[in-house]
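Per-entry structural report
Next come the chains, spelled out residue by residue.
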Amino acid sequence: MTRIGAAKEFGSRLAWLAPAIAFLALFMVLPLFDVVRLSFTTASIIEPEYSYTLSSYAKVFGDKDFLWSLSITFIFVAANCALQIPLGLLIALAVHAGRDRNVYGSILARTAILTAWIIPGVLVGILWKTLLSSASSGIINHFIQSLGMERIPFLLDPLYAVISIIGANVWGGAAFCMILQYAGLQRIPAELYEVSRVDGARAWQQFLHITLPQLKPILFINLVLITISSFNTFDMIATLTSGGPAGTTEVLTLAAYIQVFTYWNMGRGSAIAVLLLTITVVMTVVYYKLFQLDEDIAE
Amino acid sequence: MHSRGRLDGTKILIYASYIVVVLVFWGPVTWMISLSLKTIPDILAYPPKLFPSRLAIENYGTIFEQSTIPRNMLNSAKITIITVLGTLLVTVPAAYAFSRFRFKGRTQILMAILLFQMISTLIIILPLYRYFIRLNLLDTHHGLILIYITVQIPFTVWLLKGFFDSIPKSLDEAARIDGASRLQSVIRVIVPVAMPGIAAAVLFNTINAWSQFLIPFILIGKGRLQPISVGVAKYAETVGEAIVTTHLLAAASLMAMLPAIAIFIVLQRFIVRILISGAVKG
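The shown structure was predicted, so the numbers you read here are calculated from the model rather than taken from an experiment.

1. Considerations on the overall build of chain A
If you tally the helices and strands in chain A, you get 13 helices and zero strands. The helix and strand sequence of chain A, counted from the amino end, reads α-α-α-α-α-α-α-α-α-α-α-α-α. Taking 19 Å as the expected radius of gyration for a compact globule of 299 residues, we find that chain A reaches 24 Å, considerably beyond that expectation. Counting only C-alpha atoms, chain A reaches 75 × 75 × 30 Å along its principal axes. By residue count, 55% of the 299 residues in chain A fall in the buried class. Partitioning the intrachain contacts of chain A with sequence separation of at least 6 by distance along the chain shows that 67% fall at a separation of at least 24. If you sum the accessible surface of chain A, you get close to 13700 Å²; carbon and sulfur atoms cover 66% of it. Positive and negative side-chain charges in chain A, numbering 17 and 18 respectively, have mean positions lying 3 Å apart.

Here it is, written out as structure tokens:
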């Protein structure tokens, strides 16, 4: 091809990508660089003047409330990974086994769990706030009382508030793990089970020696995705506890929001956002390595 | 081998797990439906009852007449429709390019797009808020839509690229030999064949755009301009913990989640198929 031809070809190819690249460059890449820059400034929302400083990070890491936010975020993420993945796997196994055996209701169970997943985070928060309320509309406390126990002030007590945000997030997110594991289960060749059945393996042995090893790659990917999405949770907690009581459930996303929009500290809020960004980048690289996308894309 | 028709231990276990799953995941929504149809005496009644003594459908009427919720829903509908169309306009050509062209930096750009999909909107919204103040784009729907389209691009490009990859290249090449331009071949050949993928993109983008909260929460301050997610959160804030408004909050919440749930229930087989194939492919 001639040089002019090649240039023309390049130009026409660029045109296909240009709109998407323009959107991403303006509203994604630019703000990403800018949030890093802002994290090194004294910027506030109202004052246009600011200077460059390292103090945002110093203040953030010297702040007890921030260290609490960091801890509670890690607890929240760890609990979500520890609960969502086994729960998703359990339900996936039940739905898969049910379809294998022509049991009625496997679609119904799948629909039920996916309904919770489709509900926007804001509404998951409002829903659970209502259910966990200490008023008579709080059905969960009614059940607890009918078991002969004391009412629990779920959203007013620090420990129970943490349990509540974890519980509500597991409720809304388990469906995603279920679908991922379910897809993984369907990929396991049936012959593997047949051979082991001939060898006299019991169901739990099959689970340990066939199902789990075969699912391992999917489980890892699931772990990475749940980690990222748990770190990024905002909507549900904003309506369920708003970070309360007294900041107990103020995860990093809420802490950044509050720094910027309550205290007008753009610099400190950005520093927290940069920390979140770092975690996301690391996890995405892990995800990428797991998939070995380079092979996949190069084909 | 498996279905002998008799009820063995495994089957009982499976049925039991289904009952638990349905109770745990539909129970809370059912309780909200019940609350939304209760009168105040029913709400205060102890012990609480699942079935209201009278179906208070007027609760929904109250929401329609005395709150901004209907306005917020209209805003969401408008924003969602424009976002979905805009996203398609931007992502179909991009996904086609990633599927059909080989160019320098292709893998890197795809990798960057994957990263963008993982990034919390909180991170980008802080600088965007500053730009929007200066550009006078706060409290505008078009400003909001630009950001919505941006955050939908990564997922949609990957989804559509997957569908385009599965279409044999010979198909569009044949069209081009017949004298069609690249654009014509995409419109006449690729898009019709990739219709299930485009439908999936429309579906997921609709649900995502409807659910967006953080972006409008920060960028739209005026109540009558807010989408439903923010509208219902603000409504929950104003009614607060007051017991006498629980039924109204329940009604407002159900109205807000209804479109997403309705779309899901009607198209669930299709959605599950896309999710599963997406999960397998990654």
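Continuing now.
2. As for the pattern of salt bridges
What the rule picks out here adds up to six salt bridges over all chains. For Asp-63 of chain A, the salt bridge is made with Arg-268 of chain A, and the minimal N-O distance between the two is 3.0 Å. Of this pair, Asp-63 of chain A sits in the loop between helix H2 (55–62) and helix H3 (64–100) while Arg-268 of chain A sits in helix H12 (residues 266–291); the two residues are 205 residues apart in sequence, bridging distant segments of the chain. Notably, a salt bridge pairs Lys-161 of chain B with Asp-165 of chain B, separated by 2.9 Å at the nearest N-O pair. Residue Lys-161 of chain B and its partner Asp-165 of chain B are both found in helix H7 (residues 141–165); the two are separated by four residues, about one turn of the helix.

3. Notes on helix H1 (residues 9–36) of chain B
Side chains of residues three or four places apart in an α-helix project in the same direction, reflecting 3.6 residues per turn. Its 28 residues give H1 of chain B an end-to-end C-alpha distance of 40 Å, which sits within 8% of 40 Å, the value for a rise of 1.5 Å per residue. At Trp-26 of chain B, H1 of chain B is deflected by roughly 45°, the largest bend along its length, and proline Pro-28 of chain B occurs up to four residues later in sequence.

4. Re the environment of Ala-194 of chain B
Residues and elements named next belong to chain B. Note that Ala-194 resides in the loop between helix H9 (182–193) and helix H10 (195–211). Taking the C-alpha atoms as reference points, Ala-194 and Phe-163, separated by 31 residues in sequence, lie 6.3 Å from one another. Ala-194 has contacts with Phe-164 and Ile-167, leaving out every residue within four places of it along the chain.

5. What to know about the domain arrangement of chain B
Residue and element names in this part refer to chain B. Looking at chain B, the domain boundaries give domain 1 (9–58) and domain 2 (67–281). Measuring from the centre of the C-alpha atoms in domain 1 to the corresponding centre in domain 2 gives 32 Å. The largest per-residue losses of area from domain 1 upon contact with domain 2 belong to Met-32, Ser-36 and Ile-43, which jointly make up 47% of the total buried on that side. Across the domain 1-domain 2 interface, the total number found is zero salt bridges. At the junction of domain 1 and domain 2, the tally comes to zero residue pairs in polar contact (both at pLDDT 80 or more). Secondary structure elements with two or more residues in the side of domain 1 that touches domain 2: H1 and helix H2 (40–44).

6. Digging into helix H6 (residues 139–146) of chain A
Looking only at H6 of chain A, the buried set comprises Ile-139, Asn-141, His-142 and Ile-144 of chain A. Residues of H6 of chain A that are buried make contact with helix H5 (121–132) of chain A together with H1 of chain B. Among the residues trailing H6 of chain A, Gly-148 of chain A stands out with phi positive, at a value near 85°.

7. A look at the packing of H3 of chain A against helix H9 (residues 203–231) of chain A
When two helices pack together, their arrangement is given by the angle between the helix axes and by the axis-to-axis distance. Residues and elements named next belong to chain A. Viewed as axis vectors pointing N to C, H3 and H9 meet at an angle of 140°, and their least axial separation amounts to 9 Å. Taken together, the axes of H3 and H9 lie oblique to each other. Between H3 and H9 lies a crossing of right-handed hand. For the pair H3 and H9, the contacting residues are Thr-73, Phe-74, Phe-76, Val-77, Asn-80, Cys-81, Gln-84, Ile-85, Leu-89 and Leu-93 in the first and Phe-207, Thr-211, Leu-212, Leu-215, Leu-219, Asn-222, Leu-223, Ile-226, Thr-227, Ser-230 and Phe-231 in the second.

8. Comments concerning the interface of chain A and chain B
Contacts between the two partners involve 102 residues from chain A and, on the opposite side, 96 residues from chain B. Contact between chain A and chain B buries roughly 9100 Å² in total, counting both sides, with carbon and sulfur atoms accounting for 78%. Counting every contact that joins chain A to chain B gives zero salt bridges. Take the side of chain A that touches chain B: its biggest share by element is 18 residues, from helix H1 (residues 3–39) of chain A. Its residues assigned to classes, the side of chain A that touches chain B shows 68 nonpolar, 20 polar and 14 charged.

9. Some remarks on the side chain of Thr-211 of chain A
All names here are of chain A. Turning to its location among the elements, Thr-211 is positioned in helix H9. Overall, Thr-211 belongs to the buried group, its relative accessible area being 4%. Here Tyr-193 takes part through its side chain, which lies 2.8 Å from a polar atom of the side chain of Thr-211. The residues touching Thr-211, leaving out its near neighbours within four places in the chain, are Leu-93, Leu-185, Ile-188, Tyr-193 and Gln-206.

10. So, the packing of H3 of chain A against H1 of chain B
Where H3 of chain A meets H1 of chain B, the closest approach of the two axes is 10 Å, and the angle between their N-to-C directions is 130°. Compared by their axis directions, H3 of chain A and H1 of chain B come out oblique. In this structure, H3 of chain A crosses over H1 of chain B, and the sense of that crossing is left-handed. Where H3 of chain A approaches H1 of chain B, its residues Ile-91, Ala-94, Val-95, Ala-97, Gly-98 and Arg-99 of chain A are matched on the opposing element by Ile-14, Ser-17, Tyr-18, Val-21 and Phe-25 of chain B. For the contact of H3 of chain A with H1 of chain B, a count of residues per class yields eight nonpolar, two polar and one charged.

11. Considerations on a positive patch on the surface
All names here are of chain B. There is a patch of like positive charges on the surface, built from Arg-71, Lys-78, Lys-222 and Arg-224. Along the polypeptide, Lys-78 turns up in helix H4 (residues 69–100). With a relative accessible area of 40%, Lys-78 lands in the partly exposed category.

12. Regarding the packing of aromatic side chains
Each aromatic ring pair is specified by the distance between its two centres and by the angle formed by the two planes. A complete count under the given rule lists 19 aromatic pairs over all chains for this structure. Plain terms: the ring middles of Trp-117 of chain A and Phe-176 of chain A are 6.4 Å apart, the flat faces sit at 25° to each other, and that makes the pair stacked. Highlighted residues: Trp-117 of chain A in helix H4 (residues 106–118) and Phe-176 of chain A in helix H7 (residues 158–187), separated in sequence by 59 residues. Geometrically, the ring pair formed by Phe-155 of chain B and Phe-204 of chain B is edge-to-face, given 5.7 Å between the ring centres and 65° between the ring planes.

13. Some words on the nonpolar core
By size, the foremost hydrophobic cluster in this structure holds 198 residues, and its most contacted members are Trp-128 and Trp-171 of chain A together with Phe-25, Ile-69, Phe-164 and Leu-219 of chain B. A domain-level breakdown of this core finds at least three residues from each of domain 1 (9–58) and domain 2 (67–281) of chain B. Not counting the four nearest positions on each side in its chain, Leu-219 of chain B is found in contact with Ile-125, Tyr-129, Phe-132, Leu-138, Asp-139, Leu-144 and Ile-147 of chain B.

Criteria and thresholds
Residues numbered from 1 in each chain as written. Chains lettered and ligands numbered in written order. Predicted model: local features only at pLDDT ≥ 70, side-chain atom pairs only at ≥ 80, totals over all residues. Heavy atoms only, no water. Helix = DSSP H or I, 4+ residues; strand = E, 2+ residues; numbered from the N terminus. Rg over C-alpha atoms; globule rule 2.2 N^0.38 Å. Buried < 20%, exposed > 50% of the residue type's maximum accessible area, 1.4 Å probe, protein only. Contact = heavy atoms within 4.5 Å. Areas by Shrake-Rupley, 256 points an atom, 1.4 Å probe, with all protein chains shown as cover. Lys, Arg positive; Asp, Glu negative; His and termini not counted. Charge placed at Lys NZ, Arg CZ, Asp CG, Glu CD. Salt bridge = Lys/Arg side-chain N within 4 Å of Asp/Glu carboxyl O. Expected span 1.5 Å × (residues − 1). Bend = angle between axes of the 7 residues up to and from the residue. Domains from an automatic or database assignment. Buried area = accessible area lost by both parts, 1.4 Å probe. Polar contact = N/O pair within 3.5 Å; in protein donor to acceptor, adjacent residues only side chain to side chain. Axes fitted to C-alpha atoms, helices over the stretch in contact; angles between N-to-C directions. Parallel < 35°, antiparallel > 145°, perpendicular 65-115°, else oblique. Left-handed = near helix turned anticlockwise from the far one by under 90°. Nonpolar A, V, L, I, M, F, W, Y, C, P; charged D, E, K, R; others polar. Patch = residues over 30% accessible without salt bridge, like charges linked within 9 Å, V, L, I, M, F, W, Y side chains within 5 Å. Phe/Tyr/Trp six-rings, centres within 6.5 Å; stacked < 30°, edge-to-face > 60°. Core = buried A, V, L, I, M, F, W, Y, C linked by side-chain atoms within 4.5 Å.

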